Amino acid sequence: DVKVTQSSRYLVKRTGEKVFLECVQDMDHENMFWYRQDPGLGLRLIYFSYDVKMKEKGDIPEGYSVSREKKERFSLILESASTNQTSMYLCASISSGVAGGNEQFFGPGTRLTVL
Amino acid sequence: GDSVTQMEGPVTLSEEAFLTINCTYTATGYPSLFWYVQYPGEGLQLLLKATKADDKGSNKGFEATYRKETTSFHLEKGSVQVSDSAVYFCALSDRAGGYQKVTFGTGTKLQVIP
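Residues numbered from 1 in each chain as written. Chains lettered and ligands numbered in written order. Predicted model: local features only at pLDDT ≥ 70, side-chain atom pairs only at ≥ 80, totals over all residues. Heavy atoms only, no water.

Draft legend 1. Structural view of the packing of aromatic side chains. Under the definition given, this model contains twelve aromatic pairs over all chains. Measuring from ring centre to ring centre gives 5.7 Å for Phe106 of chain A and Tyr36 of chain B, while their planes differ by 80 degrees; the resulting arrangement is edge-to-face. Here the residue Phe106 of chain A occupies a position in strand E10 (residues 105–106), and Tyr36 of chain B occupies one in strand E5 (residues 32–38), the pair thus bridging two chains. Feature note: the residues Phe33, Tyr35, Phe48 and Phe106 of chain A together with Phe34, Tyr36, Phe89 and Phe104 of chain B constitute an aromatic cluster, connected by ring pairs. (Phe/Tyr/Trp six-rings, centres within 6.5 Å; stacked < 30°, edge-to-face > 60°. Helix = DSSP H or I, 4+ residues; strand = E, 2+ residues; numbered from the N terminus.)

Draft legend 2. Highlighting the pairing of strand E3 (residues 19–25) of chain A. All names here are of chain A. Side chains Val19, Leu21, Cys23 and Gln25 of E3 all project onto a buried face; the interleaved residues Phe20, Glu22 and Val24 project onto a face where none is buried. Inspection of the sheet shows E3 paired to strand E8 (residues 73–78) by six bridges, in the antiparallel sense. Paired with Glu22 across the bridge in E8 is Ser75. (Buried < 20%, exposed > 50% of the residue type's maximum accessible area, 1.4 Å probe, protein only. Pairing = 2+ DSSP bridges.)

Draft legend 3. Local environment of the nonpolar core. In this structure, Trp35, Leu47, Leu48, Phe73, Leu75 and Tyr88 of chain B are the most contacted members of the largest nonpolar core, which totals 26 residues. Listed by contribution, the elements that provide at least two residues to this core are strand E2 (11–14), strand E3 (19–21), strand E4 (23–26), E5, strand E6 (44–50), strand E8 (62–65), strand E10 (86–96) and strand E12 (108–113) of chain B. When neighbours within four sequence positions are excluded, Tyr88 of chain B is seen to be in contact with Gln6, Ile21, Trp35, Tyr36, Val37, Leu47, Phe62, Leu75, Gly107, Thr108 and Leu110 of chain B. Counting 21 residues, the second-largest nonpolar core is a separate cluster that includes Met32, Ile46, Leu76 and Ala81 of chain A. (Core = buried A, V, L, I, M, F, W, Y, C linked by side-chain atoms within 4.5 Å. Contact = heavy atoms within 4.5 Å.)

This is the structure in C-alpha cells:
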C-alpha cells in the first residue's frame, strides 16, 4: 500500500518559533511538493523538488524554505512562524512521467496553528 | 500559465440527486486532467483521470469526459449518496521545463443530505 506520511496531524506553535514539517514517501518518487490549503483559496504550491537536493519555488514561497537530503524525505521549514501561516499543509509526491498522466499521492495533512 | 476554474460551492443535494460540478481549464500544452476528492480530515485522493481528448474517466459512479473543444472536464454522478459528501478538486498536470507541474482548482464542497 503506497503511502505518504506527515510527521504531525496537528501542531500548535508560537509566533517567531522555527517550525519543521516532515514528509516521507515510500514510492521512490522523484517529485515532491508542499502545498497549503486555505478555505476559498484551494491548494497553493509553496515549494517542490524534482530530485535530491533540488528545489524550486512555487507560487507562495515567502516565509518558507525546504530541504531534500534524501529521495524519500521532503521537509518544509518556517524560519519564524507568523499567525498568517496558520493553515493546513499538504505534502504530495508524484512519479516523473513522459506525458504527465501520473497522479499525485497526498499525505493526510498537518493542521498548523500559530498563536 | 495554466489555470483551472471550477464552480463555487458549497453544493447541497438530496440523496439520489444528480450531480454536476463544472470545471474548465486553460493550458498551453496537452495536459492530463484529474478529479481529486478530499473527505473530512483527510488528504486528497485521486477520484478519476483522463490523459487525452475524448477520454472518459470513471470511478465509484463518477464520470468526467476530457473535452478539448470546450476545455472542460465536468464531474457527474447519476445518484449521489451521503458518503459522497466531500470537497472535490479539479486539476491538470503537464510537463513544463522538465518538471511535472500540477495546477488545482479552488475546490467545490459537496454536502449530501438524507
